[in-house]
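# Architecture and fold: a report
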Amino acid sequence: MASFKITSEVHAERSRSHENWRQNYVVTQFAFAYPPHMKPKNSVKYDHEGDLVLQRKEGKLLIEHSICTQLELVGLQLWRGAFLLADYIMANPQEFEHQNVVELGSGVGLTSIAAAMLAREVTCTDIDLGEILPLIKRNVERNSKYIRGKFNVMALNFKDTDWPTSLKRKLAESRIILAADVIYDDSITDHFVSTLEKILHSDDTKRTVYVALEKRFVFTIAHLDSVAPSYEEFRRCIARRRLKWTLEEVNLNFPQYFKYDRVKELVLIKIHKT
Ligand SMILES: C[S@@+](CC[C@H](N)C(=O)[O-])C[C@H]1O[C@@H](n2cnc3c(N)ncnc32)[C@H](O)[C@@H]1O
């Protein structure tokens, strides 16, 4: 059977001028405007000859990734949800500072690295498949100058029924759970919801989950309308399990720090158990 390959819109819409090939992977500079809390405190500086030294207002994440993969390895690419969630984190430093954060389905790790600019500890997880986990570790090393606290990379498969004690501990200590663009396949979505259920209902701790996704619309004859089947399946999985969660769509009027197309199909959902 032919194996289909997929390219994320993020790579399709970017210039490749800054990329360096390394086997199947490229290293791309993803520039971001400094949010207010990262701007140098004293923005006017002079060198020893009295000339004004211009302060940089932009940071750069160096991210190694693939630009075309099979469906099961889409985590080797970057998706718009990762940037939306990174923007949200940068726009809301007070929410992430001094927190223990876990990301699920992290892909190449960009969102976790953005969280690590503020958080006390970030645990970046994904399924242990192909090069995903080693790639995250390489990306963390490349961007170590931005990482403030502790950074862990761990395997977490939504389909596993039991997790190692070390991972359970990180989940138990977490107050914020992040996930970007993990809702695109019904079976994965079902296991993702059961993973969130396990995390949120494991104890009495109040946790906030942020799920970023791009509603991918298709037109169906049955509905004579366009529907976003993956997103609807996500809502159905929550309803089927009778989970008492509040889901709130976050207003996307926060600044855009990274360069990507913030299309209208992007949504950010904030979840709490009630
Ligand atoms: C579309 S990618 C999104 C990656 C990244 N969050 C981003 O937005 O760029 C989907 C992610 O879900 C992960 N994933 C798929 N099945 C999974 C599973 N069973 N358990 C954990 N993660 C899974 C993939 O490895 C991949 O990293």
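One structure accompanies this document, and this report is about it.

Rules used in this analysis
Residues numbered from 1 in each chain as written. Predicted model: local features only at pLDDT ≥ 70, side-chain atom pairs only at ≥ 80, totals over all residues. Helix = DSSP H or I, 4+ residues; strand = E, 2+ residues; numbered from the N terminus. Buried ≥ 20, exposed ≤ 12 C-beta atoms within 10 Å, placed from the backbone. Contact = placed C-beta atoms within 7 Å. Pairing = 2+ DSSP bridges. Axes fitted to C-alpha atoms, helices over the stretch in contact; angles between N-to-C directions. Core = buried A, V, L, I, M, F, W, Y, C linked by C-beta atoms within 7 Å. Right-handed = clockwise from strand over helix to strand, strands pointing away. Expected span 1.5 Å × (residues − 1). Arc of directions from axis to C-beta.

### Notes on the overall build of the protein
Tallying secondary structure elements over the protein gives eight helices and 16 strands in all. Buried residues in the protein amount to 35% of all 274 residues. Long-range contacts, defined as pairs at least 24 residues apart, comprise 71% of the intrachain contacts of the protein with a sequence gap of at least 6.

### Here's the deal with the sheet that holds strand S11 (residues 176–180)
Taken together, seven strands build an open sheet; the order of strands is S10-S9-S8-S11-S12-S16-S15 and the sheet is mixed. In this open sheet, the two edge strands, each paired with only one partner strand, are strand S10 (150–155) and strand S15 (245–249). Ignoring which end each strand starts from, the neighbouring axes of this sheet average 20° apart. Judged from the five bridges that link them, S15 and strand S16 (residues 266–273) form a sheet pairing that is antiparallel. Considered in S16, the bridge of Glu248 is made with Lys270.

### Here's the deal with the nonpolar core
Leu85, Ala86, Ile89, Leu110 and Ala115 are the most contacted members of the largest nonpolar core, which has 64 residues in total. Per-element accounting of this core gives the leading share, eight residues, to helix H2 (residues 80–91).

### Topic: the pairing of strand S9 (residues 121–126)
The two faces of a sheet get side chains in turn, since along a regular strand they alternate between them. Here S9 lies mainly inside the structure; five of its six residues are buried. As paired elements, strand S8 (residues 100–104) and S9 share four bridges and run parallel to each other. Paired with Glu103 across the bridge in S9 is Cys124. With helix H4 (residues 110–116) bridging S8 and the parallel S9, this β-α-β connection has right-handed handedness. With six bridges joining them, S9 and S10 adopt parallel strand pairing. Looking at the pairing, Cys124 lines up with Val153 of S10. Traced from S9 through helix H5 (residues 132–142) to S10, the parallel crossover comes out right-handed.

### Concerning helix H8 (residues 229–240)
Helical geometry note: an α-helix holds 3.6 residues per turn, so side chains three or four residues apart project in the same direction. Here H8 spans 16 Å end to end across twelve residues, near enough to the 16 Å set by a 1.5 Å rise per residue. Within the span of H8, buried status applies to Tyr231, Glu233, Phe234 and Cys237. Down the axis of H8, the buried side of the element spans an arc of 160°, and every buried residue falls inside it. Among the exposed residues of H8, those oriented more than 90 degrees off its buried face are Glu232, Ala239 and Arg240. Its buried side turned inward, H8 meets helix H7 (186–200) and strand S12 (208–214). Of the residues trailing H8, Arg242 is marked for its positive phi of about 50°.

The quantities given are spatial measurements derived from coordinates; they are silent on function.
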